[in-house]
Amino acid sequence: PVDAGAMATSDKLEFTGTYCYATGDMFCGTCDVTGKPAGRGILYYLESGECDVGVFDGRLCQAGEGVRYSKERDAAYRLMDGELQGGSLDLEESLRIMELEDTPAVRTKDTIPAPTSFDPARLKQTQAYYVYRQLADLPMHESAHGPSPFVPVWKKDEAEE
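A few points on the structure. Since we're looking at a predicted model, the values are computed, not measured.

**Focus on the packing of aromatic side chains**
(1) Moving on: Scanning the model with the defined rule gives four aromatic pairs in all.
(2) Moving on: Ring centres of Tyr-19 and Tyr-21 lie 4.8 Å apart, and the angle between their planes is 65 degrees; this geometry places the pair in the edge-to-face category.
(3) Moving on: Judged by centre distance (5.0 Å) and plane angle (85 degrees), the rings of Tyr-129 and Tyr-130 are edge-to-face.
(4) Moving on: Accessibility expressed as a relative area gives 24% for Tyr-129, which makes it partly exposed.
(5) Moving on: Judged by its relative accessible area of 27%, Tyr-130 falls in the partly exposed class.
(6) Moving on: If you follow Arg-40 out to its NZ or CZ, it ends over the ring of Trp-154, 4.1 Å from the centre.

Structure (structure tokens):
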């Protein structure tokens, strides 16, 4: 049986996930079996706050057409093979080109909460959440912290609906 988050395409497994780098940059989208980028997704740059949407390989080389969003997500620029090409795009046009439902979430150093120390009450609350889900026969893969705002939501093809 194939996991609900996996798709069998041309004899290889693809997963939807998140891969974080030591630089603080983060990829959200299609990953291979090792968890590294392998397809369509969003690459968030921590230092600049910008993000690139496109098709990436395991070395984060972008292939084909893509879009770069500004730090505030109020401007978009066309990319070709990871390089800026042409001028700015209308935000609606950039969503249409990349087949995204919504503009990517803002992710900068300022938006990441400060780390906190160990909290026994938080641990017990998280454990209780998963015990409840197990007793209620609910899926165990849903986070106690809610869904990630960074995972891309792609527009569905009419054939998929």
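**Thoughts on the environment of Pro-152**
(1) Moving on: Looking at the element boundaries, Pro-152 is found in the segment after helix 2 (120-135).
(2) Moving on: By relative accessible area, which is 13% here, Pro-152 ends up buried.
(3) Moving on: For the pair Pro-152 and Thr-16, spaced 136 residues apart in sequence, the C-alpha separation works out to 9.4 Å.
(4) Moving on: Once residues within four sequence positions are removed from consideration, Pro-152 is found in contact with Cys-28, Gly-29, Ile-42 and Leu-100.

**As for the pattern of salt bridges**
(1) Moving on: All told, the structure shown has seven salt bridges when counted by the stated rule.
(2) Moving on: Salt-bridge contacts for Glu-142 lead to Arg-133; the nearest nitrogen and oxygen are separated by 3.2 Å.
(3) Moving on: Residue classification places Glu-142 among the partly exposed residues on the basis of a relative accessible area of 37%.
(4) Moving on: Residue classification places Arg-133 among the buried positions, given a relative accessible area of 8%.

**A closer look at the pairing of strand 3 (residues 26-31)**
(1) Moving on: The element strand 3 is extensively covered by neighbouring structure, given that six of its six residues are classed as buried.
(2) Moving on: Two strands pair when backbone bridges link them, and strand 2 (residues 12-20) and strand 3 are joined in this way by six bridges, in the antiparallel orientation. Across the sheet, the residue bridging to Phe-15 is Cys-31, located in strand 3.
(3) Moving on: Once strand 3 ends, the chain turns through five residues before running back antiparallel as strand 4 (residues 37-44), passing Gly-35 with a positive phi of about 90 degrees.

**Brief notes about helix 2**
Two residues of an α-helix separated by three or four positions point the same way, owing to the 3.6 residues in each turn.
(1) Moving on: If you check helix 2, its first and last C-alpha atoms are 22 Å apart, about what 16 residues at 1.5 Å a residue would give, namely 22 Å.
(2) Moving on: At the N-terminal boundary of helix 2, the capping side chain belongs to Asp-119, with an oxygen 3.1 Å from the backbone nitrogen of Ala-121.
(3) Moving on: Following helix 2 by one or two positions, Asp-137 adopts a phi angle in the positive range, close to 55 degrees.

**Quick word on the nonpolar core**
(1) Moving on: By size, the foremost hydrophobic cluster in this structure holds 16 residues, and its most contacted members are Tyr-44, Val-53, Val-67, Tyr-69, Met-98 and Leu-100.
(2) Moving on: Elements that contribute at least two residues to this core include exactly strand 3, strand 4, strand 5 (51-56), strand 6 (62-69) and helix 1 (91-98).
(3) Moving on: For this core, the element with the most residues is helix 1, which contributes three residues.

**Examining the pairing of strand 4**
(1) Moving on: In terms of residue burial, strand 4 counts as a mostly covered element, since seven of its eight residues are buried.
(2) Moving on: Where strand 3 and strand 4 come together, five bridges link them in antiparallel fashion. Bridged to Cys-28 within strand 4 is Ile-42.
(3) Moving on: Where strand 4 meets strand 5, six bridges bridge the pair, whose relative direction is antiparallel. Within the sheet, the bridge partner assigned to Ile-42 lies in strand 5 and is Val-53.

Calculation rules
- Residues numbered from 1 in each chain as written.
- Predicted model: local features only at pLDDT ≥ 70, side-chain atom pairs only at ≥ 80, totals over all residues.
- Heavy atoms only, no water.
- Phe/Tyr/Trp six-rings, centres within 6.5 Å; stacked < 30°, edge-to-face > 60°.
- Buried < 20%, exposed > 50% of the residue type's maximum accessible area, 1.4 Å probe, protein only.
- Lys NZ or Arg CZ within 6 Å of the ring centre and 35° of its normal.
- Helix = DSSP H or I, 4+ residues; strand = E, 2+ residues; numbered from the N terminus.
- Contact = heavy atoms within 4.5 Å.
- Salt bridge = Lys/Arg side-chain N within 4 Å of Asp/Glu carboxyl O.
- Pairing = 2+ DSSP bridges.
- Expected span 1.5 Å × (residues − 1).
- Polar contact = N/O pair within 3.5 Å; in protein donor to acceptor, adjacent residues only side chain to side chain.
- Core = buried A, V, L, I, M, F, W, Y, C linked by side-chain atoms within 4.5 Å.

Function cannot be read off these values alone, since they describe shape.
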